[in-house]
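One letter stands for each residue in the lines below.
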Amino acid sequence: MGTMDPALAQEIAAMSRHRAIDEAIARGDSAVQEFYKDAVIFVTGGSGFLGKHLVEKLFRSCDIKRVYLLLREKKGQTSQERVAKIFQDPVYDGLHKRKPGFIERVTAVSGDITQLRMGISDQDWYTLANEVNIIFHVAATVTFDEPLRLATRTNVRGTMQALLLGKDCKHIKSFVHVSTAYAHATRSRIGGSVREDFYDSPGDPRTMVDLVEQLSEEKLAAIKPKLIEDWPNTYAYTKALAEEAVRTMSGDLPICIVRPAIVIASNLEPSPGWVDMSSVYGPSGLFLGCGLGVIHTIMANDDTYIDLIPVDYVNNATIAAAWATGTRHGNGQKDIKIYTVSPARNPKKWREIFEISYSKAVLCGTPKAIWYNFDIHTRIRWVFVLLTWLLHYIPGYLADGALMLLGKKPKAMKIYRTCYNLSSVLAYFTCHEFYFKDENLVHLQDSLSKTDKDIYNFDVEKMNWTEQMVMWAIGLRKYIIKDGLRDTNYAVKKQQVFRVLNYLVGALYLYAIYKLCSYVFWFVSVLVSL
């Protein structure tokens with residue numbers, strides 16, 4: 001009998017920690033579970049990374065009566081057909097075994113978050129208003145460079161319409177608006193603190209919605225730099241406006257705001273390292289590219305503290321926040337609490353994260369890597385551009401040329417342009433530092449019973465970063481690369497060979513660049529002397 005693959009052994013060891021969670025769920029003395037018993041829940045953004053995980057945890061840990069999911073009809077599929085497809089995601093594999101009938105308690109609501117009344121029919125709106133107890137407004141466009149019109153329609157008007165539904169719900173107990181820790185992490189606050197509080201809004205949300213409906217794309221593009229000014233992109237800008245909508249429009253709603261930092265693969269639940277395909281357009285994409293030996297330069301300040309947080313920590317806090325909000329409102333406490341979910345109390349610098357990745361996570365690397373895992377980090381734009389040409393673009397053009405000679409479709413440069421754009425967009429977050437205050441979150445954590453702390457763990461102080469990075473690597477292999485978590489020892493040996501080849505090929509490559517530059521300079525000098 002052969003020995004177990006190291007990556008698979010790591011996953012199984014992590015899964016053993018589920019026993020304590022399962023026992024706590026079955027114990028029956030949870031105040032949070034009691035709050036959700038027989039609840040009817042409405043979720044926007046339920047088909048996204050955060051939303052799918054939230055729905056899974058709600059069903060796994062609570063006795064939910066029904067979940068309504070707002071879904072668009074897409075690519076010839078009805079919203080109900082999309083529900084069936086969504087629940088094929090591996091995040092639900094364990095839930096299908098534990099509670100095989102849960103999908104019968106999920107109902108699709110046809111709509112579109114960018115439309116008035118979220119595109120919901122009058123009949124469906126009436127049903128929701130009469131049945132829903134709890135609302136999780138998760139839907140948002142997280143594309144940082146989204147055109148201002150679409151970002152406003154989705155993040156601002158979508159929030160305003162969700163608030164209208166919440167105020168129409170006759171039996172509403174709690175409303176959670178999921179924002180972002182970066183809503184007020186503006187340029188003027190770089191290096192400073194961001195409190196769990198409302199800040200001055202960049203504008204009036206109603207006025208902004210009217211503006212994007214009246215102006216042409218050309219005029220919106222022209223005024224965008226002045227509008228967002230202190231904000232790094234349209235995503236953060238419109239999320240700040242959405243928070244202002246919550247502050248000014250929620251009225252007597254039992255409502256709170258959850259501000260997650262940069263959400264990454266799960267730490268433990270429902271399986272270690274769970275991540276979905278949409279995540280490759282964020283930090284997971286950079287981590288994946290490095291692990292495959294494709295990406296070799298990133299814009300990052302090694303001395304900046306990271307703001308990465310596992311998805312299960314975010315949703316455990318979100319579920320607990322809804323309970324706390326309903327409880328506080330019932331006790332007459334009607335102020336709006338903001339909960340920031342970040343690694344502020346367990347900080348790590350980018351340098352430390354990269355060191356963990358290349359000393360520990362690489363030992364669970366994939367056998368499908370195509371080159372040696374190395375990358376150079378810089379916070380200086382021109383250095384990043386130069387390294388991009390040397391380490392990505394020139395090799396990319398050569399690779400595409402070889403593919404074309406073999407009669408195959410070129411793809412290297414498409415990948416490298418995507419990598420460049422991704423790193424450029426994330427540079428604001430990887431090169432700048434903010435100190436996110438989280439006193440409200442800590443108070444929420446302290447208010448939980450022992451059972452609820454076991455079920456809904458978001459105590460970042462106890463999170464093991466080495467384990468998290470290893471689980472992230474394993475999750476990318478299992479859910480994105482899909483290599484079966486096999487041949488890990490071969491992958492390690494392959495990296496040792498790639499390391500030697502990298503030095504040899506790198507030396508020849510740099511020598512060729514030197515000779516080419518020497519020839520160009522000589523040729524130019526000859527032309528000048530003529």
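Scroll up for the structure.
Please read these numbers as outputs of a predicted model, since none were measured by experiment.

Student: Where do I start with the overall build of the protein chain in this structure?
Tutor: The number of helices and strands found in the protein chain is 20 helices and 13 strands. The principal-axis extent of the C-alpha atoms belonging to the protein chain is close to 85 × 70 × 45 Å. Relative to its 530 residues, the protein chain shows a buried fraction of 54%. Taking the intrachain contacts of the protein chain between residues at least 6 apart in sequence as the baseline, contacts between residues at least 24 apart amount to 85%. In the form shown here, the protein chain has an accessible surface area of approximately 24000 Å², with 57% of it arising from carbon and sulfur atoms. Counting 63 positive and 56 negative side-chain charges, the protein chain places the centres of these two groups 5 Å from one another.

Student: Would you mind going over the side chain of T325 with me for this structure?
Tutor: Relative to the helices and strands, T325 is located in helix α13 (residues 311-330). Judged by its relative accessible area of 5%, T325 falls in the buried class. Engagement of the side chain of T325 in a polar contact is seen with the backbone oxygen of A321, the distance being 2.7 Å.

Student: How should I be thinking about the pattern of salt bridges in this particular structure?
Tutor: Any two side chains of opposite charge can pair, so long as their charged atoms come close to each other. Scanning the model with the defined rule gives 24 salt bridges in all. Two residues, K226 and E229, come together in a salt bridge whose shortest N-O distance is 3.7 Å. On the basis of relative accessibility, which here comes to 49%, the residue E229 falls in the partly exposed class. The partner of R477 in a salt bridge is D483, with the nearest N and O atoms 2.7 Å apart. With a relative accessible area of 2%, R477 lands in the buried category. Overlapping salt bridges bring together E56, K57, R60 and E269 as one network.

Student: Can you help me understand the packing of aromatic side chains in this one?
Tutor: Aromatic ring pairs: the centre-centre distance and the angle between the two ring planes describe each pair. Within the structure shown, the criterion is met by 23 aromatic pairs. Aromatic side chains W231 and Y237 sit 6.2 Å apart centroid to centroid with 75° between the ring planes, which places their arrangement in the edge-to-face category. Pair check on accessibility: W231 and Y237 agree, each one buried. Among the aromatic residues, ring-to-ring pairing joins F144, Y182, Y235, Y428, F429, F434 and F436 into one connected group. Lying across the ring of W125, R117 places its NZ or CZ 4.2 Å from the centre. Over the ring of F35 we find K173, and its NZ or CZ is 4.3 Å from the ring centre.

Student: I keep staring at the packing of helix α4 (residues 49-61) against α13 and nothing clicks. Help me out?
Tutor: What describes two packed helices is the angle between their axes and the distance between those same axes. The N-to-C vectors of α4 and α13 enclose an angle of 60°; their axes lie 10 Å apart at closest approach. As far as their axial angle goes, α13 and α4 are oblique. The way α4 lies across α13 gives a crossing that is right-handed. Contact residues: F49, L50, H53, L54, K57 and L58 in α4; V311, D312, V314, N315, N316 and I319 in α13. Looking at side-chain class alone, the contact of α4 with α13 contains 7 nonpolar, 3 polar and 2 charged residues.

Student: I tried to follow the pairing of strand β7 (residues 255-260) on my own but got confused; where do I start?
Tutor: Along any regular strand the residues' side chains alternate between the sheet's two faces. For β7, the buried fraction is high: 6 of the 6 residues fall into the buried class. Here β7 shows no split at all, with I255, I257 and R259 on one side and C256, V258 and P260 on the other all buried. In this structure, strand β5 (residues 174-178) lies alongside β7, joined through 4 bridges in parallel fashion. Paired with V176 across the strands is C256, a residue of β7. As defined by bridge partners, β7 adjoins strand β11 (residues 337-341) across 5 bridges and the pair is classed as parallel. Across the sheet, the residue bridging to C256 is K337, located in β11.

Student: Sorry, what's going on with the nonpolar core here?
Tutor: Here is a general trend for soluble globular proteins: nonpolar side chains tend to be buried in one another's company. Counting residues in hydrophobic clusters, the biggest one holds 106 residues, and the most contacted among them are Y36, I41 and F136. The next biggest cluster of nonpolar side chains, apart from the first, holds 40 residues, and it includes V109, I113, V209 and W231.

Student: Any chance you could explain the sheet that holds strand β3 (residues 106-110) here in plain terms?
Tutor: Within a sheet, adjacent strands bond to each other through the backbone by hydrogen bonds, running parallel or antiparallel. Strand order in the open sheet formed by 7 strands is β3-β2-β1-β4-β5-β7-β11, and the pairing between neighbours is parallel. Taken across any chain shown, the strands that pair with only one partner, and hence form the sheet edges, are β3 and β11. Going across the sheet, the axis of each strand differs from the next one's by a mean of 20°, ignoring polarity. Where strand β1 (residues 40-44) and strand β2 (residues 66-71) come together, 4 bridges link them in parallel fashion.

Student: Which parts of the structure should I look at to understand a nonpolar patch on the surface?
Tutor: On the surface, L516, Y519, V520, W522, F523, V524, L527 and V528 cluster together into a nonpolar patch covering about 820 Å² of accessible area. Assessed through its relative accessible area of 48%, L527 is described here as partly exposed.

Student: How do you make sense of the environment of A361 when you look at a structure like this?
Tutor: Counting through the fold element by element, A361 comes out in the loop between α14 (350-359) and β12 (376-378). According to the relative accessible area criterion, A361 is buried, its value standing at 3%. When the C-alpha positions of A361 and F42 are compared, they lie 38 Å apart, and in sequence the two are 319 residues distant. Those residues in contact with A361 that lie beyond four places of it in its chain are F287, I356, M469, V470 and A473.

Student: Could you clarify how one ought to interpret the environment of I481 in this entry?
Tutor: Along the chain, I481 falls in helix α19 (residues 465-481). In sequence terms I481 and K368 are 113 residues apart; their C-alpha atoms lie 8.2 Å from each other. The residues contacting I481, other than those within four sequence positions of it, are L288, L292, T366, K368 and L476.

Student: Teacher, can you tell me more about helix α17 (residues 439-447) here?
Tutor: Quick reminder: α-helices carry 3.6 residues per turn. Residues three or four places apart thus point the same way. Buried within α17 we find N440, L441, V442, L444 and Q445. Turning to α17, the residues buried within the fold contact α13, β11 and α18 (450-455).

Student: Is there a simple way to think about a positive patch on the surface in this case?
Tutor: Together, R72, K74, K75 and K85 give the surface a local cluster of positive charge. The residue R72 is located in the loop between β2 and α5 (79-86) in this model. Judged by relative accessible area, R72 falls into the partly exposed class, the value being 42%.

What counts and how
Residues numbered from 1 in each chain as written. Predicted model: local features only at pLDDT ≥ 70, side-chain atom pairs only at ≥ 80, totals over all residues. Heavy atoms only, no water. Helix = DSSP H or I, 4+ residues; strand = E, 2+ residues; numbered from the N terminus. Buried < 20%, exposed > 50% of the residue type's maximum accessible area, 1.4 Å probe, protein only. Contact = heavy atoms within 4.5 Å. Areas by Shrake-Rupley, 256 points an atom, 1.4 Å probe, with all protein chains shown as cover. Lys, Arg positive; Asp, Glu negative; His and termini not counted. Charge placed at Lys NZ, Arg CZ, Asp CG, Glu CD. Polar contact = N/O pair within 3.5 Å; in protein donor to acceptor, adjacent residues only side chain to side chain. Salt bridge = Lys/Arg side-chain N within 4 Å of Asp/Glu carboxyl O. Phe/Tyr/Trp six-rings, centres within 6.5 Å; stacked < 30°, edge-to-face > 60°. Lys NZ or Arg CZ within 6 Å of the ring centre and 35° of its normal. Axes fitted to C-alpha atoms, helices over the stretch in contact; angles between N-to-C directions. Parallel < 35°, antiparallel > 145°, perpendicular 65-115°, else oblique. Left-handed = near helix turned anticlockwise from the far one by under 90°. Nonpolar A, V, L, I, M, F, W, Y, C, P; charged D, E, K, R; others polar. Pairing = 2+ DSSP bridges. Core = buried A, V, L, I, M, F, W, Y, C linked by side-chain atoms within 4.5 Å. Patch = residues over 30% accessible without salt bridge, like charges linked within 9 Å, V, L, I, M, F, W, Y side chains within 5 Å.

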